[in-house]
Amino acid sequence: MNRITPLTIIILLAFCSCQAPSGSTKNQDLSNVRDSLTTELQRIYEQGFINGFSVSIVNKSGSMYQNGFGYANKNPEIDFTENTIINIGSISKSLVGLSLMKAQELGLLSLDDPINDHLPFTVENPHFPTETITIRQLANHTSTIIDTEYFERTCYVMIAEPNTTDIYPIEVPYFFNDPKDTISLANYIESMLRKGANAYSKTAFLEVKPGEKYQYSNTGAGLAALIIEIASEQSFAEFSTKNILKPLKMESSGWKRDDLEENRISKNYATTDTVYADYHLINYPDGGLLTSAADLSKLLVELIKGYDGEGSLLTSESFETLFAKDIAEDLYWNLGEDVIPVINTRLDKGIFMGLAPKNTIGHSGGDPGVVSFMFFNSETGIGRILLINMSIDNPSQGVFTELFDVWNKLEAYQERLINAS
């Protein structure tokens, strides 16, 4: 099973969205608008292709709507609410970007530093061994470091013996009953990228010079997080918790299941009737944050504020860098029919931040049994979140239809919520 490519999801979002209604009455009662949206989303849930999902609509003043639908666990039945915790896949990379900017502010590193200035082992593109790879190139996915088959086979680690109804997301050589027994991020990254290490392969690098082509890389995100660990002399989980989660009061978010309320964590489903065994990611910074729609809304509000120069986590200069279009157009592969037939577009990248068409900024995510969207419109200052506990590997299941019905319905109600507030 390959991990879902956020690029595909972002382009789908950009071209599958509908227009918000323009004739909303300014004196609408907010509770009535919320009730109406809840009714509409409940109808969509009743299509029956997604077991559970949560949503949120925010602006820089805070959340205007949050809710959950369906089940976080079908057996026993536990409702999926806005406070249900779920891993959010690659949206987690936005914390790597914020952490890089914070580390730069603290004088621990610079985005344009060669990565080998911070590593205890050497990483070089074997096709261009004298060319420097920088931290910035990791952050905008032009480092030429890419995900190998080995990465795909080893990134998910089962943390408990599954029962007869559970399935494991992928066949891997790692099995740990206790996540504390797993290989460290540092050892995992080194095993793939240090020449001569046990999992090293030249296929982990594009045959182009660093900085010359964009290719999305989970491995590169893990390496960026490792550099933060080394520069700050603490784990990435500790650094990001101290500098992002705690300041934003994201008290129901974290990188380890043991740190959270187990009974609030959703199961992840392959189909409506098949649950995945619980797992975690060795390369956890690239997709392993556990959070809820309510908590993630706090991060999205901060991103909207930061875009407007009003953020609290970083300086306005750092936020400008986070959101800056950081890649020249000719660095992109032709994305047309490789992504969606007929649509030939591209995704700009900031610092682990997606800049999509129609003024859309944010990130998406996908792992076994989860799909996540977190985006805001830079012109309107309104953001949306959608978290679901289902895989979308087989679009014929109808998951895609229900997914985008929900996403578009959130957009359709944005103006009504603003006018009623």
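Calculation notes
Residues numbered from 1 in each chain as written. Predicted model: local features only at pLDDT ≥ 70, side-chain atom pairs only at ≥ 80, totals over all residues. Heavy atoms only, no water. Helix = DSSP H or I, 4+ residues; strand = E, 2+ residues; numbered from the N terminus. Contact = heavy atoms within 4.5 Å. Areas by Shrake-Rupley, 256 points an atom, 1.4 Å probe, with all protein chains shown as cover. 1 Å grid on protein atoms, 1.4 Å probe; cavity = no way out; pocket = protein on both sides within 12 Å on 5 of 7 lines; lining within 4 Å. Points joined across faces, edges and corners; volume = space filled by probe spheres on them. Nonpolar A, V, L, I, M, F, W, Y, C, P; charged D, E, K, R; others polar. Buried < 20%, exposed > 50% of the residue type's maximum accessible area, 1.4 Å probe, protein only. Pairing = 2+ DSSP bridges. Phe/Tyr/Trp six-rings, centres within 6.5 Å; stacked < 30°, edge-to-face > 60°. Axes fitted to C-alpha atoms, helices over the stretch in contact; angles between N-to-C directions. Parallel < 35°, antiparallel > 145°, perpendicular 65-115°, else oblique. Salt bridge = Lys/Arg side-chain N within 4 Å of Asp/Glu carboxyl O.

J.: Explain the overall build of the protein residue by residue, including any values.
T.: When its secondary structure is counted, the protein shows 12 helices and 15 strands. Sequence-distant contacts in the protein: of pairs separated by 6 or more residues, those separated by 24 or more amount to 72%. Here the protein displays about 16,900 Å² of accessible surface, and carbon together with sulfur accounts for 45% of that area.

J.: If you had to explain the layout of surface pockets to someone new, which residues and values would you point to?
T.: In this structure, the largest pocket occupies an estimated 940 Å³ of space. If you trace the largest pocket, you find 41 residues lining it, with Gly254, Trp255, Lys256, Arg257 and Tyr284 closest to the centre. Looking at the lining of the largest pocket, the elements with two or more residues in it are strand S4 (86-87), helix H8 (236-245) and strand S9 (279-281). Here the element with the most residues in the lining of the largest pocket is H8; it accounts for 4 residues. For the lining of the largest pocket, the per-class residue count stands at 18 nonpolar, 12 polar and 11 charged.

J.: Before we move on, can you summarise the pairing of strand S1 (residues 52-59) with the specific residues and values?
T.: By the criterion of burial, S1 is predominantly enclosed, with 8 of the 8 residues buried. Side-chain alternation along S1 places Gly52, Ser54, Ser56 and Val58 on one buried face and Phe53, Val55, Ile57 and Asn59 on a second face that is also buried. Hairpin geometry of S1 and strand S2 (residues 62-74) is characterised by an intervening segment of 2 residues between the two adjacent antiparallel strands. Of the pairings in the sheet, the one linking S1 to strand S15 (residues 383-388) comprises 6 bridges and is antiparallel in character. Each bridged residue has a counterpart across the sheet, and for serine 56 the counterpart in S15 is isoleucine 385.

J.: Tell me about the packing of aromatic side chains, and please be specific about residues and values.
T.: Tallied over the full model, the rule gives 16 aromatic pairs. Judged by centre distance (5.5 Å) and plane angle (65°), the ring pair of phenylalanine 236 and tryptophan 255 falls under edge-to-face. Taken together, the residues span a long stretch of sequence, with phenylalanine 236 in helix H8 and tryptophan 255 in the loop between H8 and strand S7 (269-271) at a distance of 19 residues. One exposure class covers both phenylalanine 236 and tryptophan 255, and it is buried.

J.: Go over the packing of helix H9 (residues 293-307) against helix H10 (residues 316-323) with me, naming the residues and quoting the values.
T.: Relative orientation of the contacting elements H9 and H10 amounts to 105°, with a least axis distance of 9 Å. Taken together, the axes of H9 and H10 lie roughly perpendicular to each other. Residues Glu302, Leu303, Gly306 and Tyr307 of H9 form the contact with H10, whose participating residues are Phe319, Leu322 and Phe323. Classifying every residue of the contact of H9 with H10 by side-chain character gives 5 nonpolar, 1 polar and 1 charged.

J.: Just give me the short version of unusual backbone geometry, but keep the residues and values in it.
T.: A cis amide bond links asparagine 75 with the next residue in sequence, proline 76, at an omega value of 0°. Along the chain, proline 76 falls in the loop between S2 and strand S3 (77-79). Residues other than glycine seldom take positive phi values, yet threonine 144 does so here, at roughly 75°. Relative to the elements of secondary structure, threonine 144 occurs in the loop between helix H4 (135-139) and helix H5 (149-154). Unusually for a residue other than glycine, glutamate 233 sits at a positive phi of about 60°. Locating glutamate 233 in the fold gives a position in the loop between helix H7 (218-232) and H8.

J.: Let's hear about the pattern of salt bridges: which residues, and what values?
T.: Where side chains of opposite charge bring their charged atoms close, a pairing between them can arise. Under the counting rule described, the total for this entry stands at 14 salt bridges. Measuring nitrogen to oxygen at the nearest pair gives 3.5 Å for the salt bridge that ties aspartate 278 to arginine 257. Here the residue aspartate 278 occupies a position in the loop between strand S8 (274-276) and S9, and arginine 257 occupies one in the loop between H8 and S7, the gap between them amounting to 21 residues. Neither residue differs from the other here; aspartate 278 and arginine 257 are each classed as buried. Residue lysine 267 is joined to aspartate 278 by a salt bridge in which the shortest nitrogen-to-oxygen separation is 3.4 Å. Placement of lysine 267 in the loop between H8 and S7 and of aspartate 278 in the loop between S8 and S9 is noted, with a sequence separation of 11 residues between them.

J.: Could you give an account of the pairing of S2, naming the residues involved and the relevant values?
T.: Inspection of the sheet shows S1 paired to S2 by 8 bridges, in the antiparallel sense. By the bridge assignment, phenylalanine 53 is partnered in S2 with phenylalanine 69. Bridge analysis of S2 against S3 gives 3 bridges, and the strand direction is antiparallel. From the neighbouring strand, asparagine 73 faces S3, where its bridge partner is isoleucine 78. Taking the residues that link successive antiparallel strands as the turn, the S2-S3 hairpin has 2 residues.

Scope: geometric values only; no functional claims are made or implied.
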